[in-house]
Amino acid sequence: MTTSSTPGLARFNTLAAEEAAAALHEVCASAAWGSFLLAHRPYAGTEALFSASDAAMAELSAEDLAEAMAGHPPIGRPKPGDPASAREQRGMAGASEELKAEMLELNLAYQERFGHVFLICATGATGEQMRDALKARIGNSPEQEREIVRTELGKINRIRLTRLAEDS
């Protein structure tokens, strides 16, 4: 990643607070995360933006994490009409009907156990890799899973922030 400012980042730095907040909400649904990033503008470069995102993510409470997760659809069911959601879950697009049915069943079991959607940074992952991760994680304690989710959200946020910073 670059440490210099990009056209998208320069534009983000100068957006009115409401517009910047809306752009951040598209990255992560946590109001606390977005407020933290807003409060630390302007950013000299993408690395400073990533550092702020990581710091904000580390501070999120369980409630803040739940709010962030609520912005993510289940794996295998991207948000209709949302190109980012479809792009991020591309690994499930060509999955067999059998794998899709298995993911639906596993997603429901996971949601019943933890009270939220299974969250994974799906960019670049195959349907089988996502299924295997879900199977491996469903046995975690809620505390272990909350920290894994925090890490996965951080990865997703970095990918989305990169898009925001590079978008001209």
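What comes next is a walk through the structure. (Residues numbered from 1 in each chain as written. Predicted model: local features only at pLDDT ≥ 70, side-chain atom pairs only at ≥ 80, totals over all residues. Heavy atoms only, no water.)

1. Considering the overall build of the protein chain
Looking only at helices and strands, the protein chain has ten helices and zero strands in total. The secondary structure elements of the protein chain, listed N-terminal to C-terminal, are α-α-α-α-α-α-α-α-α-α. Taken over the C-alpha trace, the protein chain has a radius of gyration of 16 Å; the compact-globule value for 168 residues is 15 Å, and the two agree within 12%. The principal-axis extents of the C-alpha atoms in the protein chain amount to approximately 45 × 30 × 25 Å. (Helix = DSSP H or I, 4+ residues; strand = E, 2+ residues; numbered from the N terminus. Rg over C-alpha atoms; globule rule 2.2 N^0.38 Å.)

2. Quick look at the nonpolar core
The nonpolar side chains of a soluble globular protein tend to be buried with one another. In this structure, F12, W33, L37, I75, M130, L153 and L161 are the most contacted members of the largest nonpolar core, which totals 42 residues. No other element matches the six residues that helix α10 (residues 142–166) contributes to this core. Once residues lying within four places of it in the same chain are set aside, the contact partners of L37 are L24, Y43, L49, A52, S53, A56 and L161. (Core = buried A, V, L, I, M, F, W, Y, C linked by side-chain atoms within 4.5 Å. Buried < 20%, exposed > 50% of the residue type's maximum accessible area, 1.4 Å probe, protein only. Contact = heavy atoms within 4.5 Å.)

3. Quick notes on the environment of A31
Structurally, the position occupied by A31 is in helix α3 (residues 31–39). Take A31: its relative accessible area is 44%, and that puts it in the partly exposed class.

4. Topic: the side chain of S53
Mapping S53 onto the fold places it in helix α4 (residues 46–59). A relative accessible area of 1% places S53 in the buried class.

5. Observations regarding the packing of α3 against α4
Remark: α3 packs on α4, axes separated minimally by 9 Å, with the N-to-C direction vectors making an angle of 140°. Considered as vectors, α3 and α4 are oriented oblique to each other. With respect to the hand of their crossing, α3 and α4 are arranged in right-handed fashion. Residues W33, F36 and L37 of α3 touch α4, and the partners they reach there are L49, A52, S53, A55, A56 and M57. Of the residues belonging to the contact of α3 with α4, the class tally is eight nonpolar, one polar and no charged. (Axes fitted to C-alpha atoms, helices over the stretch in contact; angles between N-to-C directions. Parallel < 35°, antiparallel > 145°, perpendicular 65-115°, else oblique. Left-handed = near helix turned anticlockwise from the far one by under 90°. Nonpolar A, V, L, I, M, F, W, Y, C, P; charged D, E, K, R; others polar.)

6. Remarks on the packing of helix α2 (residues 17–27) against α3
Two quantities define a packed helix pair, namely the angle between the helix axes and the distance between the axes. With their axes 9 Å apart at the nearest point, α2 and α3 run at an angle of 130° to one another. In terms of orientation, α2 lies oblique with respect to α3. Between α2 and α3 lies a crossing of right-handed hand. Taking contact as the criterion, the partners of A17, A20, A21, L24 and V27 in α2 are, on α3, W33, G34, L37 and L38.

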